[in-house]
Amino acid sequence: MVWDERAAARRMDQAYLDEQAEWRAPEAYVRIWDKNMVEQGVVGDYLFKQHSKKRNKVGAIAMTLPHDTPFRDFIFNNPDGEDAMIPITVDTPGDRWSGKMDRAVLLRDKSGVETIEISGLCDLNHIATTCLFASPFAPLYAQFPRHDIRIGPACSVMGNGWLLSNIRRQQLPNGSENWPIAVVPTNVWTDTSQWIGGSARFDMAFPFFDQFLKDSGVVVRAEVFLPDEDDQPAPEWFWLDQPTIVIRFEDESNVTGPTGTLLDGLLSWIEDFLDDGTTPVRYPNFDSEIEYENVYQSGFLGTKKRWPWVWYHKSEVDGLGESEIALHKPMATHIYVGGRSPSYVNAAIEIAIKNMLSWLGLLIGVPGLDALYRGQLDDVFFAFDVGVDLGRVQRAGPYAWKDHFVSGSEKAFTIDGQMAKRQGIHDTRGYTSHRVSVIDGEPYIYGLHYRVGQQIGFNLDSLIFMDYVEEATHTDDRQGASRWELVIGDGSDEEDPVVKGWGRMGQMAQIIATLSKDVGMEADFFGLF
């Protein structure tokens, strides 16, 4: 047989075009399962279907079925009644949504037309419904130690530690042969995610993890594994032979370090803690053609911030959809905090006045005068403080809004009070926020080039910024072709870097205070917090 290079090239080109067409028109393959993950069939008759994945939040699905769908009896006349869990999976090119039905409604309109409305929650809800015991391996009625204290790289602490031990606790009554949830362990030694620390005592997992996930750039994912269709998710750790919900923690911070070990996460934590907000920001060199190092930002301890691979430029036929670049004006120039004096101030005043009254009593022959003082001057001196941004005052002019009180700051002249004042100054400043949507396939394709939780860069005129893919929503209806809609960024303000660093030190202080209390000591840090 004679090799025809032109025919081979045409075949490869056509194969590439077919693959691109599949990615750019992502059809949804929807299936319904019973409580034991036995497939009940493919849902091909839906009138409308929309499902979403969110960064570190529970995504949802909404689906409209005709009244005569073959699944009607299974949904409304299930042998297990209202308590029957009905899993749903939606496969699109490069992605899978898996979750459970949480509501089914039989609707009838004025014309007598019946439809079935279905809604559900993705499998991240298993994390949202996990309670972190104080001592996961101890009996419920004898929880010792009193707190589950952990410190280390974020992926390992949250995944290997808090979540894995409590998922195992949930599944022990079912027997080890029937564990429907698996947490992919992280190699602690090579875990370069930023360090975190905290103590759990019957906290719900998602609210407890929320700040850790935001600070570290870690993304948690949960998707069902189907043994006859999928590759093994973690063959180096375990081998699955039944449908299993696989949970994994992935570091999407794009920060690398000099050692490739867990020490990198500690170095990154130290850099964040010592960041005073004046570190020069280094922007990517879009004209770089030689060293990829040119598009990195370096930290003073040797860590490197890797810029995203996906960039959208306004000058291109760009694929940018709706966007919101919002300019927020300053809300105040004078920030007040406090309400109570530091404990050491109240104690000093009490000692001074009682000693004075005692000496006075001795002089006039009336002992016991010190009993007259019962804290009348508590919370009078140094109970409040004010922070003024002089530069903002000058830039805003005489007609600017003036006062803002930071609620919950309690003590002004403590470290926490001063951090609250600094955060108040930061929160009321003028700033620019961004929330951008992009059109899938122009030119980057969701599921192929990026996914929820990863970072994307934007170069919009003089505004250069990066943000996480916060949400991906797939819609399939009778009005148009199936499509992805992506939202990047949440439009929120950034946290002051000094306050952010102190918050992390506060986590460690809280661990010390909790541990000292558990062993019968009180560590109030001399009223400084």
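What counts and what doesn't
- Residues numbered from 1 in each chain as written.
- Predicted model: local features only at pLDDT ≥ 70, side-chain atom pairs only at ≥ 80, totals over all residues.
- Heavy atoms only, no water.
- Helix = DSSP H or I, 4+ residues; strand = E, 2+ residues; numbered from the N terminus.
- Expected span 1.5 Å × (residues − 1).
- Buried < 20%, exposed > 50% of the residue type's maximum accessible area, 1.4 Å probe, protein only.
- 1 Å grid on protein atoms, 1.4 Å probe; cavity = no way out; pocket = protein on both sides within 12 Å on 5 of 7 lines; lining within 4 Å.
- Points joined across faces, edges and corners; volume = space filled by probe spheres on them.
- Nonpolar A, V, L, I, M, F, W, Y, C, P; charged D, E, K, R; others polar.
- Polar contact = N/O pair within 3.5 Å; in protein donor to acceptor, adjacent residues only side chain to side chain.
- Salt bridge = Lys/Arg side-chain N within 4 Å of Asp/Glu carboxyl O.

Peer 1: Any chance you could explain helix α5 (residues 205–216) here in plain terms?
Peer 2: Count 3.6 residues to each turn of an α-helix, and residues three or four apart come out pointing the same way. With 12 residues, α5 should reach 16 Å at 1.5 Å per residue; the first-to-last C-alpha distance of 16 Å fits that figure. Of the positions making up α5, those classed as buried are A205, F206, F208, F209, F212, L213, D215 and S216.

Peer 1: Explanation requested: the layout of surface pockets in the structure shown.
Peer 2: The gaps left among the atoms become clear once a water-sized probe is rolled over them. Each pocket or cavity is described by its volume, and for the second largest pocket that value is around 730 Å³. Forming the boundary of the second largest pocket are 29 residues, of which K35, K100, H126, P180 and I245 lie nearest the centre. Of all the secondary-structure elements, those providing two or more residues to the lining of the second largest pocket are β5 (87–92), β6 (95–108), β7 (114–122), α3 (125–128), α4 (154–171) and β14 (244–251). It is β6 that provides the largest number of residues to the lining of the second largest pocket, a total of 5 residues. For the lining of the second largest pocket, the residue count by class is 12 nonpolar, 13 polar and 4 charged.

Peer 1: What is the right way to look at the side chain of Q143 in this model?
Peer 2: Position of Q143 among the secondary structure elements: in the loop between β8 (131–132) and β9 (148–153). The class for Q143 is buried, based on a relative accessible area of 14%. A polar side-chain atom of Q143 sits 3.3 Å from the main-chain amide nitrogen of A134. Within the structure, Q143 has its side chain in polar contact with the backbone nitrogen of S135 (distance 2.8 Å).

Peer 1: When you look at the pattern of salt bridges in this model, what are you seeing that I'm missing?
Peer 2: If the charged atoms of two oppositely charged side chains come close together, the side chains can form a pair. Inspection of the entire model under this criterion finds 24 salt bridges. Between D95 and K53 there is a salt bridge, and its shortest N-O distance comes to 3.2 Å. Placement of the pair is D95 in strand β6 and K53 in strand β3 (residues 48–54), with a sequence separation of 42 residues. Taken individually, D95 and K53 each receive the classification buried, so the pair is uniform in this respect. Note that E250 and R221 form a salt bridge whose closest N and O atoms lie 2.8 Å from each other. Highlighted residues: E250 in strand β14 and R221 in strand β13 (residues 218–225), separated in sequence by 29 residues. A relative accessible area of 22% places E250 in the partly exposed class. Classification of R221 as buried rests on a relative accessible area of 9%. Residues participating in the shared-partner salt-bridge network are R31, E39, D91, R96, E229 and D230.

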